[in-house]
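Each chain, letter by letter, is given below.
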Amino acid sequence: MSTVPVNVEEKLFQNRYRVDAGRPHIRIKDADVCLSECSAKSCTFVCPASCYKAEGNGAVTLITDGCLECGSCRILCTDHQNIEWDYPRGGHGILFKFG
Ligand code: SF4
Ligand code: SF4
């Protein structure tokens, strides 16, 4: 039986996302904790939508556009409890209807 390779970027492109402008549903509570207390910066590796970005100076930025609401970032940040996580308001966020 032959297998067909899956291209994750292509699959993600099938999704649609409705941005709730100015009201991100996930927030880093204290940027200084990311900068000086978290060496692993797991959120920057685990997020399938690349919402978290490690900056050269050790800071971490978060842009929630495209978030798949998987919850991985919240689970991995339990050591520091530095993520405030909620679902987007109704009518916003990811739409999984196009794949
Ligand atoms: S895992 Fe948590 S504390 Fe560490 S960089 Fe990410 S948000 Fe910051
Ligand atoms: S919930 Fe999942 S997709 Fe959304 S920011 Fe966290 S890790 Fe990324």
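Residues numbered from 1 in each chain as written. Chains lettered and ligands numbered in written order. Predicted model: local features only at pLDDT ≥ 70, side-chain atom pairs only at ≥ 80, totals over all residues. Heavy atoms only, no water.

Engineer: For the overall build of the protein chain, give the residues involved together with the corresponding values.
Structural biologist: When its secondary structure is counted, the protein chain shows four helices and six strands. The order of helices and strands in the protein chain, counted from the N terminus, is α-β-β-α-α-β-β-α-β-β. Expressed along its principal axes, the backbone C-alpha trace of the protein chain runs to roughly 50 × 35 × 25 Å. A burial count over the protein chain gives 28% of its 99 residues as buried. Here the analysis covers contacts within the protein chain between residues at least 6 apart in sequence; of these, 64% occur between residues at least 24 apart. In the form shown here, the protein chain has an accessible surface area of approximately 7100 Å², with 53% of it arising from carbon and sulfur atoms. Between the averaged position of the 11 positive side-chain charges in the protein chain and that of its 12 negative side-chain charges there is a distance of 8 Å. (Helix = DSSP H or I, 4+ residues; strand = E, 2+ residues; numbered from the N terminus. Buried < 20%, exposed > 50% of the residue type's maximum accessible area, 1.4 Å probe, protein only. Contact = heavy atoms within 4.5 Å. Areas by Shrake-Rupley, 256 points an atom, 1.4 Å probe, with all protein chains shown as cover. Lys, Arg positive; Asp, Glu negative; His and termini not counted. Charge placed at Lys NZ, Arg CZ, Asp CG, Glu CD.)

Engineer: Mind laying out unusual backbone geometry, listing which residues take part and the relevant values?
Structural biologist: Of note in the backbone geometry, E69 takes a positive phi value of approximately 60 degrees without being a glycine. Considering the arrangement of structural elements, one finds E69 in the loop between β4 (60-62) and α4 (72-76). Of note in this structure, Q81 is not a glycine but carries a positive phi near 50 degrees. You can see Q81 is positioned in the loop between α4 and β5 (83-85). We classify Q81 as exposed; its relative accessible area is 53%.

Engineer: Any chance you could break down the site of ligand 2 for me, citing the residues and the numbers?
Structural biologist: Contacts to ligand 2 come from 13 residues, most closely from C47, C67, C70, G71 and C73. The residue inventory of the shell around ligand 2, partitioned by class, reads 10 nonpolar, two polar and one charged. (Near = heavy atom within 4 Å. Nonpolar A, V, L, I, M, F, W, Y, C, P; charged D, E, K, R; others polar.)

Engineer: How would you sum up the site of ligand 1? Please name residues and give values.
Structural biologist: Ligand 1 sits among C34, C38, K41, C43, V60, C77, H80, N82 and I83. Across the shell around ligand 1, the residue classes tally to six nonpolar, two polar and one charged.

Engineer: Tell me what's going on with the nonpolar core, and back it up with residues and numbers.
Structural biologist: The biggest cluster of nonpolar side chains holds 13 residues, and the ones touching the most others in it are I26, Y52, V60, C73 and I83. Those elements that place two or more of their residues in this core are β2 (26-28) and β5. Apart from the residues lying within four places of it in its own chain, the contact partners of I83 are I26, R27, K29, Y52, C73, R74 and C77. (Core = buried A, V, L, I, M, F, W, Y, C linked by side-chain atoms within 4.5 Å.)

Engineer: Outline the packing of aromatic side chains, supporting the account with residue identities and numerical values.
Structural biologist: Throughout the structure, instances matching the rule amount to one aromatic pair. Ring centres of W85 and Y87 lie 4.9 Å apart, and the angle between their planes is 80 degrees; on these two criteria the pair is classed as edge-to-face. According to the relative accessible area criterion, W85 is buried, its value standing at 12%. Residue classification places Y87 among the exposed residues on the basis of a relative accessible area of 53%. One cation-aromatic arrangement involves R74 over W85; the distance from NZ or CZ to the ring centre is 4.4 Å. (Phe/Tyr/Trp six-rings, centres within 6.5 Å; stacked < 30°, edge-to-face > 60°. Lys NZ or Arg CZ within 6 Å of the ring centre and 35° of its normal.)

Any functional reading would require information that these geometric values do not contain.
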